[in-house]
Amino acid sequence: MALLSVALTLVGAAACDTSSGAEHAPPSGVSTSTQPAGYGAVFLAVDECSSFGTTSFTEVPCSSERAAARVIARYDGSLSDGPACPATTDFVLHISESKPAADEDGDGSVPQGYACMRNLEAPHPGDPGGGGGPRTIVGDCVYGAGKGRVRETACDGKGAHAPEYKVTSAVVRRSQCASSTELYVQLGGRTPVGCARRIT
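Note that the coordinates shown come from a computational prediction; the quantities given were computed from them, not determined experimentally.

## Points about the packing of aromatic side chains
- Scanning the model with the defined rule gives four aromatic pairs in all.
- Geometrically, the ring pair formed by phenylalanine 52 and phenylalanine 91 is tilted, given 5.5 Å between the ring centres and 45 degrees between the ring planes. Note that phenylalanine 52 is positioned in the loop between strand 3 (49–51) and strand 4 (58–60) and phenylalanine 91 in strand 6 (residues 91–95), a separation of 39 residues in sequence.
- For phenylalanine 52, a relative accessible area of 29% translates into the label partly exposed.
- With a centroid separation of 5.3 Å and an interplanar angle of 45 degrees, the aromatic rings of tyrosine 75 and tyrosine 114 are classed as tilted. Linking tyrosine 75 in strand 5 (residues 69–76) with tyrosine 114 in strand 7 (residues 113–119), this pair joins segments that are 39 residues apart in sequence.

## Thoughts on the pattern of salt bridges
- For the structure on display, the rule yields three salt bridges.
- For aspartate 76, the salt bridge identified is with arginine 74, shortest N-O distance 2.9 Å.
- For aspartate 76, a relative accessible area of 52% translates into the label exposed.
- Arginine 118 is paired through a salt bridge with aspartate 90; the nearest N and O atoms lie 3.7 Å apart. Of the two residues, arginine 118 is situated in strand 7 and aspartate 90 in the loop between strand 5 and strand 6; the sequence distance between them amounts to 28 residues.
- Look at the salt bridges and you will find they share partners, linking Asp90, Arg118 and Asp127 into a network.

## Side note on the side chain of arginine 74
- With respect to the helices and strands, the residue arginine 74 is situated in strand 5.
- A polar atom in the side chain of arginine 74 sits 3.1 Å from the backbone oxygen of phenylalanine 43.
- Of note is the side chain of arginine 74, whose polar atom sits 3.2 Å from the backbone oxygen of leucine 44.
- Sequence-distant contacts of arginine 74, that is, excluding residues within four places in its chain, are made with Phe43, Leu44, Val46, Ile95, Gly113, Tyr114 and Ala115.

## A short note on the environment of alanine 69
- Along the polypeptide, alanine 69 turns up in strand 5.
- Taking the C-alpha atoms as reference, alanine 69 lies 9.7 Å from cysteine 116; in sequence the two are 47 residues apart.
- Excluding anything up to four places from it in sequence, alanine 69 contacts Glu48, Cys49, Ser50, Phe91, Met117, Arg118, Asn119 and Leu120.

## A few points about the pairing of strand 5
- One ladder, built from two bridges, connects strand 3 with strand 5; its direction is antiparallel. Bridge assignment links cysteine 49 to a residue of strand 5, and that residue is arginine 70.
- Bridging between strand 5 and strand 7 involves seven bridges; their strand directions are antiparallel. Residue pairing across strands places arginine 70 opposite arginine 118, the latter belonging to strand 7.

## Considerations on the pairing of strand 7
- Counting buried positions along strand 7 yields six of seven residues, so the element is predominantly enclosed.
- Note: strand 6 against strand 7, five bridges, orientation antiparallel. Each residue of the ladder has a partner; that of valine 92, found in strand 7, is cysteine 116.

So, how was this worked out
- Residues numbered from 1 in each chain as written.
- Predicted model: local features only at pLDDT ≥ 70, side-chain atom pairs only at ≥ 80, totals over all residues.
- Heavy atoms only, no water.
- Phe/Tyr/Trp six-rings, centres within 6.5 Å; stacked < 30°, edge-to-face > 60°.
- Helix = DSSP H or I, 4+ residues; strand = E, 2+ residues; numbered from the N terminus.
- Buried < 20%, exposed > 50% of the residue type's maximum accessible area, 1.4 Å probe, protein only.
- Salt bridge = Lys/Arg side-chain N within 4 Å of Asp/Glu carboxyl O.
- Polar contact = N/O pair within 3.5 Å; in protein donor to acceptor, adjacent residues only side chain to side chain.
- Contact = heavy atoms within 4.5 Å.
- Pairing = 2+ DSSP bridges.

As structure tokens, then:
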């Protein structure tokens, strides 16, 4: 059995789960730098929504026809030092520190942070087998990307690469994987080892 680690990279966004090395872009592939739009007491707070733009994302009311994704978790600070996004996060928005004329607490600044986003409508690349999202989770499929690495791809075969292995369980140690395990995938979190089987 070979040990391969997950290293997923797409242009435009960084991962929420830094321990997996996974990175994914939002569906539009645009920059994830966000700027305050003046809506809501806290910029991109939990349960608020964003629109997709050509160069940036803006906060909009969730009832707006421009609303495309909802914040399911929001953290201040840098991604590398912060908590992991929920497992079914579709993409991550990085919030640049800024000093607008007005902000949520009147101190003249919006701190650096990141928002874990879930699309309001399908597709949901963060779902198990969806082929994307910032985290690799049970139910996801991967393919060999060379140099001892694997990358996530859609389990239905509709992605750019055919799936080769499926993560069937997540455990603390490799020895806890079933004997039929053919690949170990680094997931991070409390159960950092993904036990994967070849797709036949």
